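Survey of secondary and tertiary structure
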Amino acid sequence: MKRVVITVVGKDSVGIIAKVCTLLAETGINILDISQTITGGFFNMMMIVDLSEAKITFSELQEKLDEIGKEIGVEIHAQKEEIFDMMHRV
């Protein structure tokens, strides 16, 4: 399994989850877990996805997520799970 952590942060607006999930579905990326909250008008989402059956590379995913983020006014980041784990080790 090729797991990737996707984070989305920004001012809340309609369609954030839909845009990200549509991209993932269209590119064969499976969502394993998803959590989202809205606090004080700010949207925060974290997803764990599986790229094993993806029709695009990790780099292409990062580019497409960046485009969506710019389009809807949020910051979207994708990190390979092992990198995420190393960065957040206590």
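Given the structure is predicted, the values throughout are model-derived calculations rather than measurements.

So, how was this worked out
Residues numbered from 1 in each chain as written. Predicted model: local features only at pLDDT ≥ 70, side-chain atom pairs only at ≥ 80, totals over all residues. Heavy atoms only, no water. Helix = DSSP H or I, 4+ residues; strand = E, 2+ residues; numbered from the N terminus. Expected span 1.5 Å × (residues − 1). Buried < 20%, exposed > 50% of the residue type's maximum accessible area, 1.4 Å probe, protein only. Arc of directions from axis to C-beta. Contact = heavy atoms within 4.5 Å. Salt bridge = Lys/Arg side-chain N within 4 Å of Asp/Glu carboxyl O. Pairing = 2+ DSSP bridges. Axes fitted to C-alpha atoms, helices over the stretch in contact; angles between N-to-C directions.

1. Observations regarding helix 2 (residues 58-72)
- For helix 2, built from 15 residues, the straight-helix expectation of 21 Å at 1.5 Å per residue is met to within 8% by its first-to-last C-alpha distance of 21 Å.
- Residues of helix 2 that are buried: Phe58, Leu61, Leu65, Ile68 and Gly69. End-on view of helix 2: buried residues confined to an arc of 100 degrees, all on one side of the axis. In helix 2, the exposed positions that point more than 90 degrees away from the buried face belong to Glu63, Glu67, Lys70 and Glu71.
- Turning to helix 2, the residues buried within the fold contact strand 1 (3-11), helix 1 (16-26) and strand 4 (74-80).
- Two residues or fewer past helix 2, Gly73 is found with a positive phi of approximately 80 degrees.

2. With respect to the pattern of salt bridges
- Tallying each qualifying case throughout the model produces two salt bridges.
- Taking the shortest distance from any N to any O, the salt bridge between Glu71 and Lys19 comes out at 2.6 Å. Residue Glu71 is found in helix 2, and its partner Lys19 is found in helix 1; the two are separated by 52 residues along the sequence.
- Its salt-bridge partner being Asp66, residue Lys70 comes within 3.3 Å of it at the nearest N-O pair. With a gap of four residues between them, Lys70 and Asp66 both fall in helix 2, about one helical turn apart.
- When its relative accessible area of 67% is taken as the criterion, Lys70 is described as exposed.

3. Details of the sheet that holds strand 3 (residues 42-50)
- Sheet architecture is open: four strands sit in the order 2-3-1-4, paired in antiparallel fashion. In this open sheet, the two strands that pair with only one neighbour each are strand 2 (30-39) and strand 4. Going from strand to strand, the sheet's axes swing by 10 degrees on average, the running direction of each strand aside.
- Here nine bridges tie strand 1 to strand 3, and the two strands are oriented antiparallel to one another. In the strand pairing of strand 3, Val4 is matched with Val49.
- Seen against the sheet, helix 1 touches strand 1, strand 2, strand 3 and strand 4 and runs at an angle of roughly 15 degrees to strand 3.
- The strands touched by helix 2 are strand 1 and strand 4; relative to strand 4, the strand with the most contacts, the crossing angle is about 165 degrees.

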